[in-house]
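# Survey of secondary and tertiary structure
Chain by chain, the residues:
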Amino acid sequence: MNSEELNDATRDAHIVTKVLPYLRRYAGATIVVKYGGHAMDGSLANEFGRDIALLKQVGINPVVVHGGGPQINAMLKRLNIQSSFVQGLRVTDAAMVEVVEMVLAGSVNKQVAGLINAAGALAVGISGKDGGLIRARKLRRTYKDTDSMIEQALDLGYVGEPVFIDTRVIHALTGAGLIPVIAPVGAGEDGQTYNINADTVAGAIAGALNAQRLLMLTDVAGVLDKSRQLLSDLSLPQIRALIADGTISGGMIPKVETCMEAVTQGVKGATILDGTVPHALLLELFTEHGIGTMIHK
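Residues numbered from 1 in each chain as written. Predicted model: local features only at pLDDT ≥ 70, side-chain atom pairs only at ≥ 80, totals over all residues. Heavy atoms only, no water.

## Remarks on the overall build of the chain
In terms of helices and strands, the chain carries nine helices and 16 strands. Taken across its 297 residues, the chain has 45% of its residues classed as buried. Across the chain, contacts joining residues at least 24 apart in sequence account for 72% of those joining residues at least 6 apart. Carbon and sulfur atoms make up 52% of the accessible area of the chain, which amounts to about 14,500 Å² in all. (Helix = DSSP H or I, 4+ residues; strand = E, 2+ residues; numbered from the N terminus. Buried < 20%, exposed > 50% of the residue type's maximum accessible area, 1.4 Å probe, protein only. Contact = heavy atoms within 4.5 Å. Areas by Shrake-Rupley, 256 points an atom, 1.4 Å probe, with all protein chains shown as cover.)

Rendered as structure tokens:
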């Protein structure tokens, strides 16, 4: 072994010694990963598949929940189906919910599972309708009419929310050494299909599994303070204060609320992190401070 090879080997050994404590910490742990946004693009998608496979190979039980908004939009355009929005939220009518299920539980679901399989692990793509995994109901929202200032019901069609997670199908897969890849589509008690926000599904599944970690891959670094600096560690009371003073606003509010609910349900820590950073999952789990915002009790 020449000096250059020795230096490389020494560096690799140093990396192993740094990572080993984290491998011990998460050995046998269940980690739910919400996958979506630009992390699904190009080479990042292949890296994601390899990272999930690696987690399984080192003794962690990853469970993947994925979105697919851009893919749904592309299919709606191909089919010439117009989208309508109420208060910024897409109405999902009968025709659209068929497209949503076809895209999310079909092409996107199998593509994500395929990325993991190609990396050497065994992933199985399912939707929330399989094995009664996600029992859903119609999402109820209200808004205040700007003219009358009266609360009005907001009808989004077949947009749902989870009311019960039956974890048996997940346990059956993970117990057999498989990685569940879950599309956020659920069924009501009458069998009606509902499109559900992927963040919401990931949080509900993490809570039902009593997962050690929930990792929410997004297109932003995490929660930022008013000077646009990353807040790497937040408790539930701190989150509530930041929402109250306007530091956390807009689309970040439902993400942190999902994390808060998961933590309340027993998840040890829920992290919002930038999925466009290469190997974001590994950096979050296997480095001292991680790269996102961890929310905990």
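Still to come is the rest of the account.
## Digging into the packing of helix 3 (residues 69–78) against helix 4 (residues 94–118)
Between helix 3 and helix 4, the least distance of the axes is 10 Å, while the angle of their chain directions is 125°. With respect to their mutual orientation, helix 3 and helix 4 come out oblique. Taken as a pair, helix 3 and helix 4 cross one another with a handedness that is right-handed. Every residue of helix 4 that contacts helix 3 at Gln71, Ile72, Met75 and Leu76 is listed here: Met96, Val99, Val100, Met102, Val103, Leu104 and Val108. When the residues that make up the contact of helix 3 with helix 4 are grouped by side-chain class, the tally is 10 nonpolar, one polar and no charged. (Axes fitted to C-alpha atoms, helices over the stretch in contact; angles between N-to-C directions. Parallel < 35°, antiparallel > 145°, perpendicular 65-115°, else oblique. Left-handed = near helix turned anticlockwise from the far one by under 90°. Nonpolar A, V, L, I, M, F, W, Y, C, P; charged D, E, K, R; others polar.)

## A closer look at helix 4
For helix 4, spanning 25 residues, the distance from its first C-alpha to its last is 35 Å, which sits close to the expected 36 Å at 1.5 Å a residue. Along its length, helix 4 reaches its greatest deviation from straightness, about 35°, at asparagine 109. Looking at helix 4, one finds that the buried residues are Met96, Val97, Val99, Val100, Val103, Leu104, Val108, Asn109, Val112, Ala113, Leu115 and Ile116. For helix 4, the N-terminal capping position is held by aspartate 93, with its side-chain oxygen 3.3 Å away from the main-chain nitrogen of alanine 95. Once helix 4 ends, the next one or two residues include glycine 120, with phi positive near 105°. (Expected span 1.5 Å × (residues − 1). Bend = angle between axes of the 7 residues up to and from the residue. Polar contact = N/O pair within 3.5 Å; in protein donor to acceptor, adjacent residues only side chain to side chain.)

## Overview of the nonpolar core
Residues Tyr35, Phe48, Ile52, Val64, Val112, Ile116 and Leu217 are the most contacted members of the largest nonpolar core, which totals 41 residues. Put simply, the parts of the chain that give this core at least two residues each are strand 1 (30–35), helix 2 (42–57), helix 3, helix 4, strand 10 (179–183), strand 13 (213–218) and helix 9 (280–286). Ranked by residue count, the leading element in this core is helix 4, at 10 residues. Residues Ile126, Ile134, Leu242 and Ala262 belong to the second largest nonpolar core, which totals 39 residues. (Core = buried A, V, L, I, M, F, W, Y, C linked by side-chain atoms within 4.5 Å.)

## Some details on the pattern of salt bridges
Counting across every chain of the model gives seven salt bridges. One salt bridge in this structure joins glutamate 161 and arginine 137, with 2.9 Å as the shortest N-O distance. Placement of the pair is glutamate 161 in strand 9 (residues 159–165) and arginine 137 in strand 6 (residues 134–138), with a sequence separation of 24 residues. Between lysine 255 and aspartate 199 there is a salt bridge, and its shortest N-O distance comes to 2.7 Å. (Salt bridge = Lys/Arg side-chain N within 4 Å of Asp/Glu carboxyl O.)

## Regarding the side chain of glutamate 284
Considering the arrangement of structural elements, one finds glutamate 284 in helix 9. Residue classification places glutamate 284 among the buried positions, given a relative accessible area of 6%. Within the local environment of glutamate 284, its side chain forms a polar contact with the side chain of arginine 213, the two groups lying 2.8 Å apart. At 2.9 Å, the side chain of glutamate 284 forms a polar contact with the backbone nitrogen of isoleucine 291. Apart from the residues lying within four places of it in its own chain, the contact partners of glutamate 284 are Arg213, Leu215, Thr271, Leu273, Gly290, Ile291, Gly292 and Met294.

## Brief notes about the packing of helix 6 (residues 198–209) against helix 8 (residues 252–264)
Packing of helix 6 against helix 8 leaves a shortest axis separation of 8 Å and a crossing angle of 10°. In this view, helix 6 runs roughly parallel relative to helix 8, as classed from their interaxial angle. For the element pair helix 6 and helix 8, the recorded crossing hand is right-handed. Residue-level contacts link Asp199, Thr200 and Gly203 of helix 6 to Lys255, Thr258 and Ala262 of helix 8. Residues that form the contact of helix 6 with helix 8 fall into these classes: one nonpolar, three polar and two charged.

## Notes on the sheet that holds strand 1
Here eight strands make up an open sheet; going across it, the order is 5-10-2-1-13-15-16-14 and the pairing mixed. Unpaired on one side and paired on the other, strand 5 (123–127) and strand 14 (233–235) mark the two borders of the sheet. Within the sheet, the average angular offset between the axes of one strand and its neighbour, ignoring direction, is 20°. By the bridge criterion, five bridges tie strand 5 to strand 10 in an arrangement that is parallel. Counted as the bridge partner of glycine 125 is valine 181 from strand 10. Seen against the sheet, helix 2 touches strand 1, strand 2 (61–66), strand 10 and strand 13 and runs at an angle of roughly 150° to strand 2. Lying on the sheet, helix 7 (residues 236–244) is in contact with strand 14 and strand 16 (293–296); it crosses strand 14 at an angle near 90°. (Pairing = 2+ DSSP bridges.)

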